[in-house]
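Listed below are the residues making up each chain.
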Amino acid sequence: SHDVSQLLTSRILRVLRLWCAEGSRHLEERDLPLLRSLPLDLQTRMHTEVFSPSLMQHPAFQKLRSISRLCHIAICHLAMEARHCDVSQELFMVGDVAEEALSLRAGRLDYFKVRDLHLARLEPGDWVGEPALWLRWPRSGSLVVSSTS
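Residues numbered from 1 in each chain as written. Predicted model: local features only at pLDDT ≥ 70, side-chain atom pairs only at ≥ 80, totals over all residues. Heavy atoms only, no water.

(A) Looking closely at the environment of Q57. Residue position: Q57 is located in the loop between α2 (40-55) and α3 (59-67). When its relative accessible area of 45% is taken as the criterion, Q57 is described as partly exposed. It is 8.5 Å that separates the C-alpha atoms of Q57 and W127, two residues lying 70 residues apart in sequence. Among residues more than four places away in sequence, those in contact with Q57 are Q62, G125 and W127. (Helix = DSSP H or I, 4+ residues; strand = E, 2+ residues; numbered from the N terminus. Buried < 20%, exposed > 50% of the residue type's maximum accessible area, 1.4 Å probe, protein only. Contact = heavy atoms within 4.5 Å.)

In C-alpha cells form, the structure reads like this:
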C-alpha cells in the first residue's frame, strides 16, 4: 500500500496551488494522472462543478439541463475538457472539419473569414462551432487566440 499522510498530501496540494497561482504553468487534468484514480462519483462531481458554468451559458444546454439533469452531468463528465492556449495560437483554420465546439472561459479569440478579414472577437462566455455537435461541419473561418486573460 502507498499510504500518504494527511500532512504530506496537504503540502503537495499547497505547492500545486502556488505553482498555478504564480502563473508558472497552467495545469490541465491530463497533467495530474492521479485524478483518474479518484472514485468515479468524485470525478463526475468534479467535472460537473468545473464545466457546468460554461455549459449553462449556452441556451441549448440550459434547455437540456431542464429536461435531464443526468444528461447534463454526463456531458460535463464525458464530453468536456479544459484547454489552455497560447497567444497567437491558431485553434482551427478554414476548411478544417470541426470535431468540437468551443466555449471561452478566459481571454479573447479572434475569428477571421480569410486571413485579413476580421469577423468577430469572442469574449468569455462565447461559444463557437456548435454545428460540429450535430453534423459534419467544415470550418468557414480561422480562430486565433488574441489574449489569455
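So much for the structure itself; the text now carries on.
(B) Main features of the packing of aromatic side chains. Going through the model one piece at a time under the given rule, you end up with two aromatic pairs. Taking NZ or CZ as reference, R139 lies 3.9 Å from the ring centre of F92, over its face. (Phe/Tyr/Trp six-rings, centres within 6.5 Å; stacked < 30°, edge-to-face > 60°. Lys NZ or Arg CZ within 6 Å of the ring centre and 35° of its normal.)

(C) Just the packing of α2 against helix α4 (residues 69-78), in detail. Where α2 meets α4, the axes come as close as 7 Å, and the angle between the chain directions of the two elements is 95°. By the angle between their directions, the pair α2 and α4 is classed as roughly perpendicular. In this structure, α2 contributes L40, Q43, T44, H47, T48, F51, S52 and L55 to the contact, and α4 contributes H72, I73, I75, C76 and H77. Residue composition of the contact of α2 with α4, grouped by class: six nonpolar, seven polar and no charged. (Axes fitted to C-alpha atoms, helices over the stretch in contact; angles between N-to-C directions. Parallel < 35°, antiparallel > 145°, perpendicular 65-115°, else oblique. Nonpolar A, V, L, I, M, F, W, Y, C, P; charged D, E, K, R; others polar.)

Purely geometric numbers; function is a separate question.
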